[in-house]
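Chain by chain, the residues:
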Amino acid sequence: MPTLTVQNLPGATVEVPAGATLLAAVQAAGYDWMHACGAKGRCTTCRIALTAGAEFLTPPTAPELRYQAAGRLLPQERLMCQTRLETGNVSGRVPRATMLPHQQYLE
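All of these numbers come straight from a predicted model, not from anything done at the bench. (Residues numbered from 1 in each chain as written. Predicted model: local features only at pLDDT ≥ 70, side-chain atom pairs only at ≥ 80, totals over all residues. Heavy atoms only, no water.)

Draft legend 1. Highlighting the overall build of the protein. A tally of regular secondary structure across the protein gives 2 helices and 5 strands. Each helix and strand of the protein, ordered N terminal to C terminal, gives the series β-β-α-β-α-β-β. Against the compact-globule benchmark of 13 Å for 107 residues, the protein has a radius of gyration of 12 Å, which places it among compact chains. Relative to its full complement of 107 residues, the protein shows a buried share of 46%. For the protein, contacts bridging at least 24 residues in sequence account for 65% of all contacts bridging at least 6. On the protein, the mean spot of the 9 positive side-chain charges and the mean spot of the 7 negative ones are 10 Å from each other. (Helix = DSSP H or I, 4+ residues; strand = E, 2+ residues; numbered from the N terminus. Rg over C-alpha atoms; globule rule 2.2 N^0.38 Å. Buried < 20%, exposed > 50% of the residue type's maximum accessible area, 1.4 Å probe, protein only. Contact = heavy atoms within 4.5 Å. Lys, Arg positive; Asp, Glu negative; His and termini not counted. Charge placed at Lys NZ, Arg CZ, Asp CG, Glu CD.)

Rendered as C-alpha cells:
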C-alpha cells in the first residue's frame, strides 16, 4: 500500500488507502493536522511541503491551482485535503506556519 511519511512529525509514516486523501489517511492514523475549512479546499492550512514522491500524487485540483496562482501555495506544496496518493511513497514536512501548538515536531 502507498505510504506518506511526514519527516518532522515523529513516527508519522502512514498507509494511504486507495481513494483516500492524504489528510484522511493522517487523521485515520491518529495524527492531528490543521485544517480550518473542514477539508473543503477553501484555505491553505492543511498544506504539506513535499520533499519526495510528488510524481505519485494526483494532479493539482482547481483550488490548489488557484492558490498557486495567488502565491498562497508554493510549487512544492499541496493541500492534504485535496491530494490523493495513486501509487508509491511520498514524503513531506509540516510547514512552520501550520504547525499546531500542542503537537511535537522534529527540527
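Continuing now.
Draft legend 2. Fine view of the environment of Y105. With respect to the element layout, Y105 can be found in the segment after strand 5 (89-93). Counting along the chain gives 11 residues from Y105 to V94, while the straight-line C-alpha distance between them is 8.6 Å. Setting aside residues no more than four positions away along its own chain, Y105 makes contact with N8, L9, P10, V94, M99 and L100. Here the side chain of Y105 touches L100 through a polar contact of 3.0 Å, landing on its backbone nitrogen. (Polar contact = N/O pair within 3.5 Å; in protein donor to acceptor, adjacent residues only side chain to side chain.)

Draft legend 3. Summary view of unusual backbone geometry. Of note, the phi angle at A39 is positive, near 65°, even though the residue is not glycine. Along the chain, A39 turns up in the loop between helix 1 (22-28) and strand 3 (47-52). A39 sits in the partly exposed class, given a relative accessible area of 34%.

Draft legend 4. Region of the structure containing the pattern of salt bridges. Going through the model one piece at a time under the given rule, you end up with 3 salt bridges. Here E64 makes a salt bridge to R78, at a shortest N to O gap of 2.8 Å. Here E64 is found in helix 2 (residues 62-69), whereas its partner R78 is found in strand 4 (residues 77-79), with 14 residues between them in sequence. Linking E107 and R96 is a salt bridge whose minimum nitrogen-to-oxygen distance equals 3.9 Å. (Salt bridge = Lys/Arg side-chain N within 4 Å of Asp/Glu carboxyl O.)

Draft legend 5. Summary view of the sheet that holds strand 5. Pairing within the open sheet is mixed, and its 5 strands lie in the order 2-1-5-3-4. Single-partner strands in this sheet number two, and they are strand 2 (13-15) and strand 4. Adjacent strand axes in the sheet meet at a mean angle of 35° when their direction is disregarded. Inspection of the sheet shows strand 3 paired to strand 4 by 3 bridges, in the antiparallel sense. Its bridge partner lying in strand 4, R47 is registered against L79. (Pairing = 2+ DSSP bridges. Axes fitted to C-alpha atoms, helices over the stretch in contact; angles between N-to-C directions.)

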